Amino acid sequence: MPEAPLSRGAHHPPTAVPREQPPPTATRTTAAAGPPGLLTSLAPLLAEWLPRQRWFAGKGRPVTGFALVSATELLPWRASGGTPGLLHLLVRAQQPEPPGHRHGFGCGHRRGAAASDCYQLLLGARPALPPPLAPALIGRPSGGPLDGQTVYEALADPRLTTLLLERLRTPGRLGPLRFVREPSSAIPSALAPRVMTAEQSNSSVVYGDTFILKLFRRVSPGTNPDLELPLALARTSCARVPAPAAWFEAEPPAEGAGPRPEPFTLGLLQPFLAGSRDGWQLALDALAAGGGFTDAARALGHATAEVHLAMARALPISVLRRPQIEHLAAAMSERLDSAAAAVPALQPYRTALHGAYEDLAALGRAGRTWAAQRIHGDLHLGQALLTGGGGGGGGQWSLIDFEGEPSRPLAERRRPQPPVRDIAGMLRSFDYAAAVGRPAHPQEWADRTRAAYCAGYAEASGTDPRDEPELLRAHETDKAVYEVLYEARHRPDWLSVPMTAIHRLAATRG
Ligand SMILES: Nc1ncnc2c1ncn2[C@@H]1O[C@H](COP(=O)(O)OP(=O)(O)O)[C@@H](O)[C@H]1O
Ligand SMILES: O=P(O)(O)O[C@H]1O[C@H](CO)[C@@H](O[C@H]2O[C@H](CO)[C@@H](O)[C@H](O)[C@H]2O)[C@H](O)[C@H]1O
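Sequence order sets the numbering: in each chain, residues are counted from 1 along the sequence as written. Each chain takes a letter, starting from A, and each ligand takes a number, starting from 1, following the order in which they are written. The model is predicted, so local features are restricted to residues of pLDDT at least 70 and side-chain atom pairs to those at 80 or more, both for listing and for counting; the totals for chains, interfaces and linings are taken over all residues. The side-chain values count all of the structure's non-hydrogen atoms but skip hydrogen atoms and water molecules.

Visitor: Is there a simple way to think about the domain arrangement of the chain in this case?
Guide: A common way to report how large an interface is uses the accessible area buried once the components associate. Domain boundaries in the chain define domain 1 (169-271) and domain 2 (277-506). With centres defined by C-alpha atoms, the gap from domain 1 to domain 2 works out at 26 Å. What counts as a salt bridge is simple: a side-chain nitrogen of Lys or Arg found within 4 Å of a carboxyl oxygen of Asp or Glu. Where domain 1 touches domain 2, the interface holds five salt bridges. A salt bridge links E228 to R374; the nearest nitrogen and oxygen atoms lie 3.0 Å apart. Any N or O atom pair separated by 3.5 Å or less is treated as a polar contact, with the protein-specific requirement of one donor-capable and one acceptor-capable atom, and with residues adjacent in sequence counted only for side-chain atom pairs. Summed over the shared surface of domain 1 and domain 2, the number is eight residue pairs in polar contact (both at pLDDT 80 or more). For helices the rule is a DSSP run of H or I covering at least 4 residues; for strands it is a run of E covering at least 2, with both sets numbered from the N terminus onward. For the side of domain 1 that touches domain 2, the element with the highest residue contribution is helix α3 (residues 225-234), accounting for seven residues. When residues are grouped by polarity, Ala, Val, Leu, Ile, Met, Phe, Trp, Tyr, Cys and Pro land in nonpolar, Asp, Glu, Lys and Arg in charged, and all others, Gly among them, in polar. Among the residues forming the side of domain 1 that touches domain 2, the class breakdown is eleven nonpolar, eight polar and six charged. An automatic or database domain assignment provides the domain bounds reported here.

Visitor: How do you make sense of helix α7 (residues 350-365) when you look at a structure like this?
Guide: Because each turn of an α-helix spans 3.6 residues, side chains separated by three or four positions end up pointing in the same direction. Here the expected span of a helix is defined as 1.5 Å times the quantity of residues minus one. With 16 residues, α7 should cover 22 Å at 1.5 Å per step; its first-to-last C-alpha distance of 22 Å lies within 8% of that length. For this analysis, residues touch if any pair of their heavy atoms sits within 4.5 Å. Where α7 is buried, its residues touch α6 (322-342), β19 (370-373), α11 (469-490) and α12 (496-507).

Visitor: Looking at this structure, how should I read the site of ligand 1?
Guide: The full set close to ligand 1 counts 17 residues, and Q200, N202, K214, L273 and D401 are the nearest of them. Calculation of accessible area relied on Shrake-Rupley with a 1.4 Å probe; when residues are assessed, cover is drawn exclusively from the protein chains displayed. Considering ligand 1 on its own, with 550 Å² of exposed area, one finds that the protein chains cover 87% of that surface. Cavities and pockets were defined on a 1 Å grid built from protein atoms only: a cavity is a group of points that admits a 1.4 Å probe but offers it no way out, a pocket is an open group of points flanked by protein on both sides within 12 Å along at least five of seven lines, and a lining residue is one with an atom within 4 Å of any such point. To qualify as sitting in a cavity or pocket, a molecule needs more than half of its atoms within 2 Å of the grid points. Applying the majority rule of atoms within 2 Å of the grid points places ligand 1 in the largest pocket. Residue classes in the shell around ligand 1 are distributed as eight nonpolar, six polar and three charged. Whether a residue is near a molecule or strand depends on its heavy atoms: it is near if one of them lies within 4 Å of it.

What follows is the structure in structure tokens.
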């Protein structure tokens, strides 16, 4: 195993590295980076802790090994004195591929039927944990440079999250990590941190109700669209998206003779929209009060159109012709087959659902073309925040989380796509709200809300998504199939929500 020093800031004195210890479990480890013994001592702890995290994407499959991509000491730990240390790790978790899986994700590593996703971990290290940090415990490594320390989730420790903000305030490099700050952004120091407890695919820390730092958990080479798109939008006059204030990324080492992988986007600091409420909560509140959501939906349609128009101005656009439309339909078909292999409840609907994709391909063969552009990629009510107003059409809608669907490969998420994909996502969300909020007539509520949203979109963009029913239906079907897989993996109790839509979509081929 090659020995590599732990990356550290030039101002930190070196930490003594104990000798390599034998692996305490059978979990396989490969450490091309980091000091001897670090990964082998952490592996058994991570094998137990990682799969329990909400953001761990490989649920239901065993972790068979770990490989260290990079290890950076953001703050050195000391054997005495109680000063916490902060260790930044990029670790690949090796797992067998899920059934029906066709696309790789993560660091792009596969071995036969095995795949590995790369995760960003921030580990605190102290000799012992004070009681408020007890729930953040990961474990006590035996051997390696952290021998004798208690290792824990660093985001739970305000001293360490404060340090992260300090790093972002000061542009520069630390080992493979690069910290960047928008020159125009003023980031005060000493903003009190608090970790978000929301259901998330990543982890976020709010600083003094002024900024929010999103730490991407499953990372892959290439700029994350959640940084790329808000940055591009900030350079237009579009005020619907919080502008990036600072971010950080990693430049991983070259692997073998191949080219050096692109930098991994790791964290993004944006203004926090204090006092905002997300569309999902607002819709459920409206439903609980027996009220409609049409004014809010119309305004949200406006906001979506404005963001689409700004992205089309700021970023490359293209035209989908026959080959691209056939490819799009084939990709949707493949996703359906792959989801049906994983969730058997989809099987009886396959033929009817494929029909929606065939209708799309047939239009492409008949010479129809569609415009494609960069889009949000995973638009739903939870990604829309309303600031001010009472939810009845007042206030300002903003859109957040431009990462796209987390399970899709990054290159695919960064491709221009028909904007109707986002509209289909939001329409599906109205359906979810109606299913969860249970009004007296759920379908009528969803139909009214979707009509208002489409009308708002048409008013602001000049394009009514309902004028392209085949395109819209194919995208709604694709989204519902994605949701079936998402719910089966993350919230099995909710599976019936997208399955009801699957049933309806399969029965209503135009
Ligand atoms: N700029 C912001 N202002 C206020 N709240 C925000 C902001 N960005 C995100 N949030 C809150 O944090 C939650 C998670 O953010 P999101 O970007 O969707 O993370 P993830 O991709 O991990 O799901 C959102 O649902 C929202 O409630
Ligand atoms: O917000 P994320 O980027 O983590 O998106 C993922 O999780 C969403 C759930 O939190 C999921 O959205 C689905 O459930 C929503 C209600 O909770 C509903 O409004 C959406 O329409 C539905 O798709 C999203 O699909 C997933 O990528």
